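Summary of structural features
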Amino acid sequence: MHETDMTKALIGTIRDWWDSQPEQPTIEKVHLVVGRFTCVEPASLQFAFDVQTQGTFLDGAQLVIQDIPLVAHCHTCQADYLPEVGRQYSCPTCNSPMEDIRSGRELKIDRLEWAAV
Amino acid sequence: MHQTFDAALEMNLLHANQQGADHNRAHFDAWGITCLNLMSSPGAGKTQLLERSLRGLRDLKIAIIEGDMTTELDADRLRQYGVPVIAINTGRSCHLDSKMVAGGIHQLQQAHSPTELDLVVVENVGNLVCPAEFEVGEHVKVALLSVTEGEDKPLKYPVMFREADCLLITKTDLAPYLDIDLDQIEANVRQINPHVAIFQVSAKTGDGLDAWFGWLRQVVTDRVGRSVAHSVTS
């Protein structure tokens, strides 16, 4: 549900960038980086993006979402591990709780691609 | 030939909300106010907890910013305690964002003297998903989980319980009537968030509330101490 709001914010940010360019290019791809340990569902973002960009400067642009796994670091074992989201977050080796998150919290507009005019 | 160009934006998807939240927090800091974001699923007991807290924390000057999708029912309940209550209807949105709260702060500023307040509690819309990603300018996040919701909820909604500074396990008076293991709730939360403060409370009987009040008073005192120290050194 909030993916709709996020998409609105995403389009607004790209629009600001686009307006600031000397010549407005036709954007072909929008690259996002979305971590698994966020409240964002890539499929919902994709749907909202397709609907909300219709008839705008982004009509036809493709949304490319890079999915980033949740990686935690165990201080006791001095090792990274992959928690099983929804089941087990503590270290599978020593059962220490999930202290540091190395990746998985990303919610980023990474880059834009456009064709030469 | 199809030649492509690209530009790295490297920007947080929620950066507009984040900027707004930082702006709200700067206002709270300037006024010496601690802001608390209160979150839970619908019906976990946020409003009743607030009613008890307003009665139990008369030594603090508190205002409430009340998020509700369409009604003022909760706001009306809290107004009985004689504290400023600003109601924000989020309409169809499932969470408060920093812009909505900025509107609430503006109203609060017009009708009351913010410098006289110690604490602003933002009661978020009942939802365990979206509010976890949208900061509103708070200094602390408090999550509620009622005993009727089950031990597994921290595992299913991990972001909310990871982000929380304090977890209140509510409606403990009902625990004897349910197949619920309170220790298991705590263990599940601690897997995700080992440093969270946890209190088991019943707003109905008053059990456990003193420990929660003590924690909250300490948070407010620590923040005031910090901003005083800051203004002396700067």
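Everything below is about the structure shown above.
Residues numbered from 1 in each chain as written. Chains lettered and ligands numbered in written order. Predicted model: local features only at pLDDT ≥ 70, side-chain atom pairs only at ≥ 80, totals over all residues.

Okay, the overall build of chain B next. Along the backbone of chain B there are eight helices and eight strands. By the compact-globule yardstick of 17 Å for 234 residues, chain B fits well, its C-alpha radius of gyration being 19 Å. Taken along the three principal axes of its C-alpha coordinates, chain B extends 70 × 50 × 40 Å. Counting over 234 residues, chain B shows a buried share of 44%. When contacts within chain B are restricted to residue pairs at least 6 apart in sequence, long-range pairs at least 24 apart make up 74% of them. (Helix = DSSP H or I, 4+ residues; strand = E, 2+ residues; numbered from the N terminus. Rg over C-alpha atoms; globule rule 2.2 N^0.38 Å. Buried ≥ 20, exposed ≤ 12 C-beta atoms within 10 Å, placed from the backbone. Contact = placed C-beta atoms within 7 Å.)

Tallying the contact residues gives 32 residues for chain A and 31 residues for chain B. Put simply, the parts of the chain that give the side of chain A that touches chain B at least two residues each are helix 1 (2-19), strand 1 (27-35) and strand 6 (107-115) of chain A. Considering every element that reaches the side of chain A that touches chain B, the biggest residue donor is strand 6 of chain A, with nine residues. Its residues assigned to classes, the side of chain A that touches chain B comprises 18 nonpolar, six polar and eight charged. For strand 6 of chain A and strand 1 (residues 4-12) of chain B, the ladder comprises seven bridges, and the chain directions are antiparallel. Note that in strand 1 of chain B the partner of Leu112 of chain A across the bridge is Ala7 of chain B. (Nonpolar A, V, L, I, M, F, W, Y, C, P; charged D, E, K, R; others polar. Pairing = 2+ DSSP bridges.)

Now for the nonpolar core. Ranked by internal contacts, the top residues of the largest apolar core, which has 87 residues, are Val120, Val121, Val122, Ala143, Met160, Leu167 and Leu168 of chain B. Contacts of Val120 of chain B, omitting those with residues within four sequence positions, involve Phe28, Ile33, Cys35, Ala63 and Ile65 of chain B. (Core = buried A, V, L, I, M, F, W, Y, C linked by C-beta atoms within 7 Å.)

Below, the discussion takes up the packing of helix 1 of chain A against helix 2 (residues 42-52) of chain A. All names here are of chain A. The N-to-C vectors of helix 1 and helix 2 enclose an angle of 55°; their axes lie 9 Å apart at closest approach. It follows from the interaxial angle that helix 1 and helix 2 lie oblique. For helix 1 against helix 2, the interelement crossing comes out right-handed. Where helix 1 abuts helix 2, its residues Glu3, Thr4, Met6, Thr7, Lys8 and Ile11 lie against Ser44, Leu45, Ala48, Phe49 and Gln52. Taken together, the residues of the contact of helix 1 with helix 2 break down into five nonpolar, four polar and two charged. (Axes fitted to C-alpha atoms, helices over the stretch in contact; angles between N-to-C directions. Parallel < 35°, antiparallel > 145°, perpendicular 65-115°, else oblique. Left-handed = near helix turned anticlockwise from the far one by under 90°.)

What follows deals with the sheet that holds strand 4 (residues 79-81) of chain A. Residues and elements named next belong to chain A. Read across the open sheet, the three strands follow the order 4-3-5; overall the sheet is antiparallel. Each of the sheet's edge strands pairs with one partner strand only, and the pair in question is strand 4 and strand 5 (100-103). The mean angle between the axes of side-by-side strands here comes to 40°, regardless of whether they run parallel or antiparallel.

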